[in-house]
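Results of the structural survey
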Amino acid sequence: MSVLFAILLFSFLIFIHELGHFVAAKLSGVQVNEFSVFMGPALWSKQIGQTLYSVRLVPIGGYCAMEGEDGGSDDPRSFDKAAWWKRLIILVAGAAMNFLVGVLLMVVIYLPAQQTVEPVISGFESYCTINGEDGLRVGDRIVELDGEKIYVQSDFSMLLQLNPGEIHDLVVERDGKKITLPNFRMETHTVTAEDGSTREMYGMNFTLKRMDLAGKLSYAWNQSMDTVRLVRLSLQMLVKGQVGLGEVSGPVGIVQQMSVVADSSPTKLDALMNMLYFGGFIAINLAVMNLLPIPALDGGRVVGVLITTAVEAVTKKKINPKYEGYLHGAGMVLLLGLMALIMFKDIFVLIRG
């Protein structure tokens, strides 16, 4: 069931993405030749006006085919004839729909929550050495760590793990004012638990707070923004070589992770909520990744529109759209190759494991 849910989730997110392009194109007066749910041979199709609506055999993806999307059309309602700002709206609309769905899923997940942990210090353990007149105090809200904003309390431990070492730059909110603690030493201490295990602890405790509706909506938004930041941090780590391509998961790997999480959930309701969280996380990831300035992605096409519009405004000459089409075509080949590589890696790990 978890695998089926994951497949339906991916299909839904792609459908929502293409629906965003479709609605924006229709509102912008751009002709849509076909709007398809799924891929492959058509199971059902119907022509309504100038648009063919279809449902296809393979339950993966879908597409919104616009007239003149790759240039070369003489139709005045084609995509390439639309004003540059309309093209930008159409291109961004798909990612915007994915992001909206992701935020809504986060809201659904956190609506039942009654309380949350705030990044506000409620007290210190006796062994703690990071508190005091020149250190942290009870009531301090941690708002930044090493230049990164603290959206939710779990960000604090995550960012400390990503920035190993004891010296950190902290910004806290104290009595309504922001206080900067540069080169602050975050010293840990070895603490032994009742079962004999040991952990490195800072010795600070955080505040547990009850949430009203406004608080739940705010928390869902903060989780969404935190997810956006996680995509950026992951890409930075990949570029810097801190993580390898072997640690990157594609759809197969993500479905496997979702299945493991669902199977390990104590109740069916917990499994559903965990799957929905994955859905929100993936939706926001898709939104951000799709807007990266890479050829073949919507972000790459946005950059192409901006560059060609600027060049044409200066030179007063129309740039042949086929050149941009060649660039996006090459980008698509490379992107599909990368996706295939990651997919085979995920399948290999699944079979081996």
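Overview of the structure.

Calculation notes
- Residues numbered from 1 in each chain as written.
- Predicted model: local features only at pLDDT ≥ 70, side-chain atom pairs only at ≥ 80, totals over all residues.
- Heavy atoms only, no water.
- Helix = DSSP H or I, 4+ residues; strand = E, 2+ residues; numbered from the N terminus.
- Contact = heavy atoms within 4.5 Å.
- Axes fitted to C-alpha atoms, helices over the stretch in contact; angles between N-to-C directions.
- Parallel < 35°, antiparallel > 145°, perpendicular 65-115°, else oblique.
- Left-handed = near helix turned anticlockwise from the far one by under 90°.

It is worth spelling out the side chain of Asp 155 at this point. You can see Asp 155 is positioned in helix α3 (residues 154-162). Contacts of Asp 155, omitting those with residues within four sequence positions, involve Lys 149, Ile 150, Asp 226 and Arg 229.

So, on to the packing of helix α4 (residues 213-240) against helix α6 (residues 268-290). Two quantities define a packed helix pair, namely the angle between the helix axes and the distance between the axes. The contact between α4 and α6 brings their axes to 9 Å, and the two run at 55°. By the angle between their axes, α4 is oblique relative to α6. Handedness of the α4/α6 crossing: right-handed. Each of Gln 223, Ser 224, Thr 227, Val 228, Leu 230, Val 231 and Leu 235 in α4 lies in contact with α6, whose residues at this interface are Tyr 277, Phe 281, Ile 284, Asn 285, Val 288 and Met 289.

Before going further, it helps to examine the environment of Gly 203. Positionally, Gly 203 belongs in the loop between β9 (198-201) and β10 (204-210). Once residues within four sequence positions are removed from consideration, Gly 203 is found in contact with Gly 123, Phe 124, Glu 125, Tyr 127 and Cys 128.

Bringing unusual backbone geometry into the picture now. Phi is positive for Phe 38, close to 75°, though the residue is something other than glycine. In this fold, Phe 38 is placed in strand β1 (residues 32-48). Of note in this structure, Asp 146 is not a glycine but carries a positive phi near 50°. Within the element layout of this structure, Asp 146 appears in the loop between β4 (141-145) and β5 (148-149).

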